[in-house]
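Close look at the chain arrangement
As a plain string of letters, each chain reads:
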Amino acid sequence: MLATQEVNTFEDLKSSLSNMPEFDHEQVEFCHDEETGLKAIIAVHNTVLGPALGGARMWSYKTEEEAIRDVLRLSRGMTYKASISGLELGGGKAVIIGSSKRDKSEALMKCYGRFIESLKGKYITAEDVGTSEQDMIYISSETKHVTGIPESMGGSGDPSPVTAYGTYMGIKASVKEMWGNDDLSDKTIVVQGVGHVGQYLVEHLSKENAKIIVCDINEDNLKTVTDNYKNVTVVSPEEVYNVSMDIYSPCALGATVNTETLNQLKCCIIAGAANNQLEDENIHGRMVIEKGILYAPDFLINAGGLINVFSEIKGYDRKETLKLTENIYNLTLEIYEKSKKENISTHKAALELAQKRVDEAKG
Ligand code: NAD
C-alpha cells in the first residue's frame, strides 16, 4: 500500500526541514511502503521553467537526515543545470534509502514508480548512482514520467557520450579563454576517472592530439583507454594532483577541488564532468581565482546528459541534441565574460545567470 509522510522518522525529518532555510523547495514527498521496504524522498525544487527532472539515487545513507540533505541539494542543482542550458525543465531529484545491491527489487522500483505517478508529471525521474536502465524499465510500467529507457523502447539511451561531448566543449572554450585559441594539440590534460563519461572524453581529446594523463582505481577501465587511444599515459590516484599539467578534468568524484588539492594542483584550468566539484562553492570558487586557475562550472559543462534526456521528452533527434550541447562552448565563454566584468567567481556567475532565467520566467 502507498503512504506518504507516514513513518515516525520521516515525521521528524519533515519538521527538521524548517531548520534548513537555505532550501526553498516547492514540494518534498516522503514515500514509504512496508511491503517492498521502499523508503524514498522526492524533492521538487522548482517548476517555473517546466516539470522537475532529475535522477533517482539509491544509496546506503548513514542517517535519514543525510538523505534529505542530499536530495535537497541535488534537486536545487538540477534547477540551475536545466536553466543555464536553456531547457524547459525544472529541478528535482529523488533518493531511495538502501543498498542498490542488497535492497533493490523489481517490486520496490515499481512501487517507486507509483509514487512518481501520484505526482502527476510534476517530477520526472531518471537514472542516477545506484539505479539502472533496467530500473527505469520497471518504473515505466507504472508511470510515463520516466526517462533514460533504452533507445529500442523509444528512449534516449546512455547519456554519457553526450555528457562527454559537452565537457569537451567546455574544455575547448576554457582553452580559448586562457590562451586565445582552442587548439588542444600542445596541452596536457589529466582525466581523473575513465568510466562512462571519461572514456568518451579521452576519445575526443585524443583525436585532437592532446597529451592525456589518466587515473582510475579500476584497472580494466585504464586498460580500455590505453589500448584504444593514442597519447595516453597513466598516473596513480595518489600522484594525480602533483603531475605537471595544463588542465585538470575531474570525471570521477565530487569535492575534489578543495583546499588540500588546490595547494597541490599546478594547472591553469579545471574543467570536468564530475558533479559538485567544489567542496565549498564560496571558499573554493574564490580560491581558484586567487591561484590563477580558470574553473569551468561543473553544472554547465556536464549538462549534455540532461540535454540528452530532454530530447527524449521533446522528441528531438540526435543532431538537434548535439547542437544544443555544442552551445556549452558559447555559454562557457559568456560565463567567463560575466565573471571578469563583475569580479565574481565563475561558479557564482553561472548560478546568477541560471537564477536570472528562472526569475524572468516567474515574471
Ligand atoms: P562511472 O562510475 O562510469 O565512472 C567513474 C569512474 O571513476 C570509474 O571508472 C571509477 O573507477 C573511477 N573512480 C572512482 N573513484 C576514483 C578515484 N578515487 N580516483 C580515480 N578514479 C576513480 O561514472 P560516469 O557516468 O562516467 O560519471 C562520472 C562523473 O560525472 C560522476 O561524478 C557523475 O556524477 C558525473 N556526471 C555523469 C553524467 C553521465 O551522463 N554519466 C552526467 C553528468 C554528470
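Residues numbered from 1 in each chain as written. Predicted model: local features only at pLDDT ≥ 70, side-chain atom pairs only at ≥ 80, totals over all residues. Heavy atoms only, no water.

Some words on the pairing of strand 4 (residues 52-59)
Along any regular strand the residues' side chains alternate between the sheet's two faces. Using the following cut-off: Working definition: with a 1.4 Å probe on protein chains only, accessible area under 20% of the residue-type maximum means buried, over 50% means exposed, and in between means partly exposed. Numbered from the N terminus, helices here are DSSP runs of H or I no shorter than four residues, and strands are runs of E no shorter than two. Note on pairing: DSSP must find at least two bridges between two strands before they are called paired. Crossover handedness is defined by viewing with both strands directed away from the observer: a clockwise path from the first strand over the helix to the second marks the crossover as right-handed.
Strand 4 sits mainly inside the fold: seven of its eight residues count as buried. Across six bridges, strand 4 lies against strand 5 (residues 90-97) in parallel orientation. Looking at the pairing, L53 lines up with G91 of strand 5. This β-α-β element, strand 4 to helix 2 (residues 64-84) to strand 5, shows right-handed connectivity.

Observations concerning the site of the ligand
What counts is decided by this rule: Nearness is judged by heavy atoms alone; a residue qualifies as near a molecule or strand once a single heavy atom is within 4 Å of it. Polar contact criterion, stated in full: a pair of N or O atoms within 3.5 Å, where within protein one must be able to donate a hydrogen and the other to accept it, and residues adjacent in sequence count only if both atoms are side-chain atoms. Only the protein chains shown count as cover for residues, and all accessible areas are computed by the Shrake-Rupley method using a 1.4 Å probe. All residues other than Ala, Val, Leu, Ile, Met, Phe, Trp, Tyr, Cys, Pro, Asp, Glu, Lys and Arg, Gly among them, are scored as polar; the first ten of these are nonpolar and the last four charged.
Neighbouring the ligand are 20 residues, the closest being T163, H196, V197, D216 and N221. Between the ligand and A252, the relevant distance is 3.0 Å, taken from an oxygen atom to a main-chain nitrogen or oxygen of the residue. When the ligand is considered free in solution it has 820 Å² of accessible area, and contact with the protein chains removes 75% of it. Classifying every residue of the shell around the ligand gives 10 nonpolar, nine polar and one charged.

Some details on the domain arrangement of the chain
The condition that has to hold: Residue ranges for the domains originate in an automatic or database domain assignment.
When its domains are assigned, the chain resolves into domain 1 (11-76 + 90-146) and domain 2 (160-302 + 330-355). Placing the centre of domain 1 and that of domain 2 at their C-alpha centroids yields a distance of 29 Å.

Comments concerning the packing of helix 5 (residues 160-179) against helix 13 (residues 328-342)
Quick note on the threshold: The convention used is that axes are lines fitted to C-alpha atoms, helices contributing only their stretch in contact, and that angles between N-to-C directions extend from 0 to 180 degrees. Just so you know how the angles are binned, under 35 degrees is roughly parallel, over 145 roughly antiparallel, 65 to 115 roughly perpendicular, and the rest oblique. When the near helix sits turned anticlockwise from the far one by under a right angle, the crossing is termed left-handed; a clockwise turn instead gives a right-handed crossing. Contacts between residues were defined by any pair of non-hydrogen atoms, one from each residue, lying within 4.5 Å.
Axis separation between helix 5 and helix 13 bottoms out at 8 Å; the angle between their running directions is 45°. By the angle class used here, helix 5 and helix 13 are oblique. Two packed elements cross with a definite hand, and for helix 5 against helix 13 that hand is right-handed. Here helix 5 contributes G166, M169, G170, K172, A173, S174, K176 and E177 to the contact with helix 13, which in turn contributes I328, Y329, T332, L333, Y336 and K340. Residues belonging to the contact of helix 5 with helix 13 are distributed by class as follows: six nonpolar, four polar and four charged.

Topic: the packing of helix 3 (residues 106-118) against helix 4 (residues 133-140)
Where helix 3 contacts helix 4, the two axes come as close as 8 Å, and the packing angle between them is 55°. Here helix 3 lies oblique to helix 4, going by the angle between them. For the pair helix 3 and helix 4, the crossing hand works out as right-handed. Between helix 3 and helix 4, the residues in contact are E106, M109, K110, Y112, G113 and I116 and D135, Y138 and I139, respectively. Considering only residue class, the contact of helix 3 with helix 4 consists of five nonpolar, one polar and three charged.

Concerning the nonpolar core
Our working definition: Within this scheme, the nonpolar core is defined by two criteria: the residues are buried Ala, Val, Leu, Ile, Met, Phe, Trp, Tyr or Cys, and they are joined through side-chain atoms within 4.5 Å.
In this structure, I171, V191, L201, V202, L205, I212 and V214 are the most contacted members of the largest nonpolar core, which totals 53 residues. Considering each element in turn, this core owes the most residues, seven residues, to helix 5. Ignoring sequence-local partners within four residues, the contact set of L201 consists of A164, T167, Y168, I171, V191, S249 and C251. Among the nonpolar cores identified, the runner-up in size contains 22 residues, and A94, I96, F115 and I149 belong to it.

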